[in-house]
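Below, each chain spelled out in residue letters.
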Amino acid sequence: MSSESPKKSEHKKSCINCGAELKYKPGSSVIKCGYCSYEETIVPTLTSFEELELKPYLEKMGAQFHTQKISMLHCKTCGANQHVEENYKSLHCVYCSQPLIVADSYDEEWILPGAVLPFQLNHQQSHAIFKKWVNGLWFVPNKLKRAALDPEKTKGLYVPYWTFDAQLYGEYSGKRGDYYYETESYYTTENGKNVRKSRQVQRTRWSNASGTISGFIDDTLISASTQKRNVLPDKITTWNLEGLKPFNSSYLSGFITEKYTLPLKEGHLQSNQKAEQIAVRWAKQDIGGDTQKIDHLNTQLSNETFKHILLPVYISSYVFNGKKYHFYINGQNGVIDGNRPYSFWKIFFFIVFILLIIAAFMFLSQQ
């Protein structure tokens, strides 16, 4: 690990024409002024991703490296920690929509992100996706559509993840199963008679197997957020990590950033569990055959590194009839998911309509 002090995030940049803050333009490599449309290219501060050596951090020897202080706002309602890379007068929690008290902001250390996946969809595009999805939902209360389609309720958020790399080596022993088929006779009843027939039955021939596996595990992705009430749906958490860029704070301008709350140590334990699953899969592939059994598997990880990365999500959060609902959009590919209420009366009248159709069909059939 380098002993050099970390590079700090760039200071917020102002427009050279009007002085307004420049904000990241999704799907591009520029920051743009929202008032006079002046654009400035984001100049990379790093030419490659910073993969940090894991062991010193777990031993608390690396805390002085690659860290910096950021200004945080803590939501007292849902517990989310949020950072905004711009000046602001008022802000609402991106998860629960409750007001955040700017006077309560505080500085906190964080491991500097090694990479960021910039937003590819802007706010207008994400809201169009959201609007189309809501309008396409069945049995949604009409009041919900009017409440949900407020663009101000859709916020862009960078969510934190850990990624882990490691060299895996393992030794295994188990059994290889190869299928073969035997003809089997059986009796069945046909037309009141007992008839003898035959059929092919699958059998498995087992043989002992052992060997070694090795390979590089790249970018094991672990969510670094411990939000319990606002967990991102699995459907939207598929990103193309080939789009990652070396971290530059300009990509954060105009968006909210959630600070990781899952400790690095816990993230590492979760990555080890995924590594074990990968090792089992590799061992079964190495054994071959039609089916496999693993009796013993001993794995070792070496050359372990990690990085803290930020991934883009749009969130819409609002309260309807006293209950909170969330919708999520992947900020890279536009995949959307969320929870929704149902209209009792729409469902009721739909059922009545179906019953009337059935009754009319039966009446016509009798005539």
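Being a predicted model, the structure only gives us computed values, none of them experimental.

Conventions we followed
Residues numbered from 1 in each chain as written. Predicted model: local features only at pLDDT ≥ 70, side-chain atom pairs only at ≥ 80, totals over all residues. Heavy atoms only, no water. Helix = DSSP H or I, 4+ residues; strand = E, 2+ residues; numbered from the N terminus. Contact = heavy atoms within 4.5 Å. Areas by Shrake-Rupley, 256 points an atom, 1.4 Å probe, with all protein chains shown as cover. Pairing = 2+ DSSP bridges. Phe/Tyr/Trp six-rings, centres within 6.5 Å; stacked < 30°, edge-to-face > 60°. Buried < 20%, exposed > 50% of the residue type's maximum accessible area, 1.4 Å probe, protein only. Lys NZ or Arg CZ within 6 Å of the ring centre and 35° of its normal. Patch = residues over 30% accessible without salt bridge, like charges linked within 9 Å, V, L, I, M, F, W, Y side chains within 5 Å. Salt bridge = Lys/Arg side-chain N within 4 Å of Asp/Glu carboxyl O. pLDDT = per-residue confidence, 0-100.

Attention now moves to the overall build of the chain. Each helix and strand in the chain was counted, giving five helices and 17 strands. For the chain, contacts bridging at least 24 residues in sequence account for 74% of all contacts bridging at least 6. Of the accessible surface of the chain, which amounts to about 20900 Å², a share of 51% is contributed by carbon and sulfur atoms.

Take the pairing of strand β12 (residues 193–223) next. Where strand β11 (residues 154–190) meets β12, 29 bridges bridge the pair, whose relative direction is antiparallel. Counterpart to aspartate 178 in the pairing with β12 is arginine 205. Joining the antiparallel neighbours β11 and β12 is a turn of two residues, in which asparagine 191 adopts a positive phi near 55°.

With that settled, consider the packing of aromatic side chains. Counted by the stated rule, this structure contains 10 aromatic pairs. Look at tyrosine 24 and tyrosine 251: their rings are 5.2 Å apart centre to centre, the planes differ by 70°, and that puts the pair in the edge-to-face class. Residue tyrosine 24 is found in strand β1 (residues 22–24), and its partner tyrosine 251 is found in the loop between β13 (245–246) and β14 (256–258); the two are separated by 227 residues along the sequence. Seen in terms of ring centroids, tryptophan 162 and tyrosine 260 are 4.7 Å apart; in terms of plane orientation they differ by 50°. Their pairing is tilted. Of the two residues, tryptophan 162 is situated in strand β11 and tyrosine 260 in the loop between β14 and α4 (264–287); the sequence distance between them amounts to 98 residues. Both residues of the pair, tryptophan 162 and tyrosine 260, count as buried. Site record: aromatic cluster; members linked through ring pairs are Tyr57, Trp162, Tyr260 and Phe306. Here the basic side chain of arginine 205 rests over the ring of tyrosine 180, its NZ or CZ set 4.2 Å away from the ring centre. Here the guanidinium or amino end of lysine 293 rests over the ring plane of tryptophan 206, the centre of that ring lying 4.4 Å away.

A grouping of Ile351, Phe353, Ile354, Leu355, Ile357, Ile358, Phe361 and Met362 is seen on the molecular surface, where their side chains present a nonpolar patch of about 790 Å² in accessible area. Secondary-structure assignment places phenylalanine 353 in helix α5 (residues 344–366).

With that out of the way, let us pick up the pattern of salt bridges. A complete count under the given rule lists nine salt bridges for this structure. Measuring nitrogen to oxygen at the nearest pair gives 3.4 Å for the salt bridge that ties arginine 203 to glutamate 182. Of the two residues, arginine 203 sits in strand β12 while glutamate 182 sits in strand β11, which places them 21 residues apart along the sequence. The partly exposed category is assigned to arginine 203, whose relative accessible area is 31%. Taking the relative accessible area as the measure of exposure, glutamate 182 reaches 36% and is therefore partly exposed.

On to the confidence of the model for the chain. Reading fine detail from the predicted coordinates is not recommended where pLDDT is low. For the chain, mean pLDDT is 81; residues scoring 70 or higher make up 78% of the total. When pLDDT is averaged over each element of the chain, α4 comes out on top at 95 and helix α3 (residues 142–148) at the bottom at 58. Contacts for the low-pLDDT stretch residues 1–11, under 50 throughout, to residues beyond four places or in other chains number 25 contacts.

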